[in-house]
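Structural characterization, general
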Amino acid sequence: MEVSIMHHTAGFLLPTLPSDSLNYALIILNQRLPRFAPLLWKHAKIRLCADGGANRLFDEMPLFFPDLNPIDVRQRYKPDVIKGDMDSIRGDVLDYYTKQGCDTIDESHDQDTTDLHKCIAHISNSTPDSEKSNLCILVTGALGGRFDHEAGNINVLYRFSGVRITLLSDDCLIQILPKTHHHEIHIQSSVVGPHCGLIPIGMPSTSTTTSGLKWNLSDTEMKFGGLVSTSNLVTGEIVTVNSDSDLLWTISIKSGFS
Amino acid sequence: MDSIRGDVLDYYTKQGCDTIDESHDQDTTDLHKCIAHISNSTPDSEKSNLCILVTGALGGRFDHEAGNINVLYRFSGVRITLLSDDCLIQILPKTHHHEIHIQSSVVGPHCGLIPIGMPSTSTTTSGLKWNLSDTEMKFGGLVSTSNLVTGEIVTVNSDSDLLWTISIKSGFS
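The text that follows walks through the structure, step by step, so that each part is easy to find. (Residues numbered from 1 in each chain as written. Chains lettered and ligands numbered in written order. Predicted model: local features only at pLDDT ≥ 70, side-chain atom pairs only at ≥ 80, totals over all residues. Heavy atoms only, no water.)

Of the regular secondary structure elements, chain A holds seven helices and 15 strands. Relative to its length of 258 residues, chain A is compact, with a C-alpha radius of gyration of 19 Å against a globular reference of 18 Å. Dimensions of chain A along its principal axes, counting C-alpha atoms only, are 55 × 40 × 35 Å. Counting across all 258 residues of chain A, residues that qualify as buried make up 55%. As presented, chain A carries roughly 11,000 Å² of accessible surface, and 49% of it is formed by carbon and sulfur atoms. Charge separation in chain A, taken as the distance between the mean sites of 21 positive and 30 negative side-chain charges, equals 4 Å. (Helix = DSSP H or I, 4+ residues; strand = E, 2+ residues; numbered from the N terminus. Rg over C-alpha atoms; globule rule 2.2 N^0.38 Å. Buried < 20%, exposed > 50% of the residue type's maximum accessible area, 1.4 Å probe, protein only. Areas by Shrake-Rupley, 256 points an atom, 1.4 Å probe, with all protein chains shown as cover. Lys, Arg positive; Asp, Glu negative; His and termini not counted. Charge placed at Lys NZ, Arg CZ, Asp CG, Glu CD.)

Dropping the structure here:
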């Protein structure tokens with residue numbers, strides 16, 4: 001049986017996107033905006049704030065443009081949607097974006113899913129099936145902070161494993177590599193690497209094989225309590241991964257660009 | 001010793017600190033090496049009384065964080081607490097029933113139980129806002145996050161090793 005190849009990229013960190021690029025959506029969660037936030041905003045076709053993420057956008061985007069009037073910056077960087085249970089967003093921030101015409105959706109009745117989950121569902125539901133394979137959702141503020149939040153955000157990758165989602169922090173990105181595919185990860189070495197890892201978060205992997213890493217795996221078992229591929233290094237432009245288990249791929253983001 | 005600055009290493013060596021270069025061993029992380037050192041220096045009779053606190057374990061590069069969490073699993077017989085400004089993480093081995101004592105002046109109420117590494121077919125808790133009752137947990141399904149402690153004691157029984165995490169209160173220190 002032919003297993004199809006899934007391609008992964010960090011092209012959204014480059015200053016310009018290629019013409020055949022994926023369509024990007026941006027979700028801002030409630031942690032400090034990363035240093036490349038304006039770049040992600042520029043590349044995204046739709047931008048959402050998850051609840052308190054709106055506070056971050058309101059307070060922090062003007063800081064990237066110290067020579068500009070904060071009022072002008074806020075005008076320019078308005079989200080399309082603010083969604084969540086609305087228990088973190090400040091009153092003045094909600095007020096401002098509502099008056100600016102942003103779509104604010106209160107889903108506090110639904111306590112079973114996280115704000116990130118709600119936002120991903122919103123984007124997924126608004127995307128025609130024909131465009132879904134071209135869609136990549138970028139999430140800032142997903143890592144660090146409270147560990148249970150981070151684990152919940154990682155779980156969203158597993159619950160929406162058919163959707164391309166990249167979790168981002170200032171230091172690194174995380175993508176899920178579903179076991180159903182062979183994976184080719186394209187390394188844009190001006191912006192990512194070389195530090196990387198493959199993490200069997202939910203389930204052990206009896207067999208993983210890679211190429212393009214300093215310490216490649218060859219039909220190798222990985223599990224918590226045993227071997228987990230951390231502090232690895234990419235050695236070239238392409239990393240390939242095949243596994244019998246869903247894995248998290250993580251790669252460092254270079255300081256010094258943005 | 002590939003991260004420690006020259007002037008720093010110099011200073012602490014002169015101060016009489018024991019500096020042990022293990023760069024020959026590339027198979028284990030620095031944290032692993034430190035835990036092994038403490039464990040090996042602790043007499044068996046004192047091991048059950050020992051608790052190792054680790055700062056700087058979370059945040060930063062995710063592969064580092066995952067490697068640090070893996071050390072909890074690899075030394076599951078040793079009490080280890082990973083700490084950040086925002087929260088702590090401890091492993092709850094499946095071999096035991098667990099009673100977690102909540103010092104509410106310094107921790108909580110936000111907490112979670114995370115089945116890292118392996119799904120749990122059955123977990124039962126008490127003392128949480130949303131308790132589990134013979135409940136299945138796994139990545140791709142239910143993971144107990146954004147939970148709340150409701151009292152002074154949380155109990156946990158599971159058929160799988162779980163990570164317990166609880167927030168650390170701001171405003172004290």
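So, on to the overall build of chain B. Helix and strand counts for chain B come out as four helices and ten strands. Listing every helix and strand of chain B by position from the N terminus yields α-α-α-β-α-β-β-β-β-β-β-β-β-β. Taken along its principal axes, the extent of the C-alpha atoms in chain B is 55 × 35 × 35 Å. For chain B, contacts bridging at least 24 residues in sequence account for 67% of all contacts bridging at least 6. Taken as a whole, chain B presents about 9,600 Å² of accessible surface, with 48% of it coming from carbon and sulfur. When the 11 positive and 21 negative side-chain charges of chain B are each reduced to one mean point, those points stand 3 Å apart. (Contact = heavy atoms within 4.5 Å.)

Turning to the pattern of salt bridges, a few remarks are in order. Residue and element names in this part refer to chain A. This model, assessed by the stated rule, comprises twelve salt bridges over all chains. Across the pair Lys 83 and Glu 107 runs a salt bridge whose closest N-O atoms are separated by 3.5 Å. Here Glu 107 lies in the loop between β5 (103-106) and α5 (115-126) and Lys 83 lies in strand β4 (residues 81-84), a separation of 24 residues in the sequence. The pair Lys 83 / Glu 107 is uniform in exposure class, with both members buried. The network of salt bridges with common partners includes Asp 59, Arg 90 and Asp 92. (Salt bridge = Lys/Arg side-chain N within 4 Å of Asp/Glu carboxyl O.)

The next thing to look at is the interface of chain A and chain B. One frequent convention defines the size of an interface as the accessible area lost when the parts assemble. At the interface, 36 residues of chain A touch 38 residues of chain B. Ranking the residues of chain A by area buried against chain B places Arg 146, Phe 147 and Phe 224 of chain A at the top, with a combined share of 24%. Between the two partners, chain A and chain B, sit zero salt bridges. On inspection of chain A and its partner chain B, the count reaches nine residue pairs in polar contact (both at pLDDT 80 or more). Elements represented by at least two residues in the side of chain A that touches chain B include exactly α7 (147-159), β8 (172-177), β10 (192-199), β13 (229-233) and β15 (247-253) of chain A. Of the residues that constitute the side of chain A that touches chain B, the class distribution is 15 nonpolar, 15 polar and six charged. (Buried area = accessible area lost by both parts, 1.4 Å probe. Polar contact = N/O pair within 3.5 Å; in protein donor to acceptor, adjacent residues only side chain to side chain. Nonpolar A, V, L, I, M, F, W, Y, C, P; charged D, E, K, R; others polar.)

Residue and element names in this part refer to chain A. Among the seven residues of β15, seven are classified as buried, and the element is accordingly described as predominantly covered. Judged from the six bridges that link them, β8 and β15 form a sheet pairing that is antiparallel. Residue pairing across strands places Gln 175 opposite Trp 249, the latter belonging to β15. Judged from the five bridges that link them, β10 and β15 form a sheet pairing that is antiparallel. Within β15, the residue paired with Ile 199 across the bridge is Leu 248. (Pairing = 2+ DSSP bridges.)

Residue and element names in this part refer to chain A. Taken in spatial order, the ten strands of this open sheet run β5-β4-β3-β2-β6-β7-β8-β15-β10-β13, and their pairing is mixed. Looking at the sheet topology across the chains shown, the edges are occupied by β5 and β13. Shown here is a sheet whose adjacent strand axes are inclined to one another by a mean of 25°, direction ignored. Here strand β2 (residues 23-28) runs beside strand β3 (residues 44-50); their pairing, made up of five bridges, is parallel. Note that in β3 the partner of Leu 26 across the bridge is Arg 47. In the packing of helix α2 (residues 53-60) onto the sheet, the strands contacted are β2, β3 and β4, and the crossing angle to β3 comes to about 110°. (Axes fitted to C-alpha atoms, helices over the stretch in contact; angles between N-to-C directions.)

Right, let's get into the sheet that holds strand β2 (residues 79-83) of chain B. All names here are of chain B. Spatial ordering of the open sheet is given by β1-β2-β3-β10-β5-β8, a layout of six strands whose pairing is mixed. Across the chains shown, the open sheet's two edge strands, defined by having one partner strand only, are β1 (51-55) and β8 (144-148). Sheet twist, expressed as the mean angle between neighbouring strand axes with direction ignored, is 25°. Note: strand β5 (residues 107-114) against strand β10 (residues 162-168), five bridges, orientation antiparallel.

A few words now on the environment of Val 54 of chain B. All names here are of chain B. Relative to the assigned elements, Val 54 resides in strand β1. Through-space distance from the C-alpha of Val 54 to that of Leu 82 is 4.9 Å; in sequence the pair is 28 residues apart. Apart from the residues lying within four places of it in its own chain, the contact partners of Val 54 are Leu 31, Ile 80, Thr 81, Leu 82 and Leu 83.

So, on to the environment of Cys 136 of chain A. All names here are of chain A. Mapped onto the elements of the fold, Cys 136 is located in strand β6 (residues 135-140). Judged by relative accessible area, Cys 136 falls into the buried class, the value being 5%. For the pair formed by Cys 136 and Thr 113, sequence separation is 23 residues and the distance between their alpha carbons is 21 Å. Not counting residues within four places of it along the chain, the set of residues in contact with Cys 136 comprises Leu 22, Asn 23, Tyr 24, Ala 25, Arg 164 and Thr 166.

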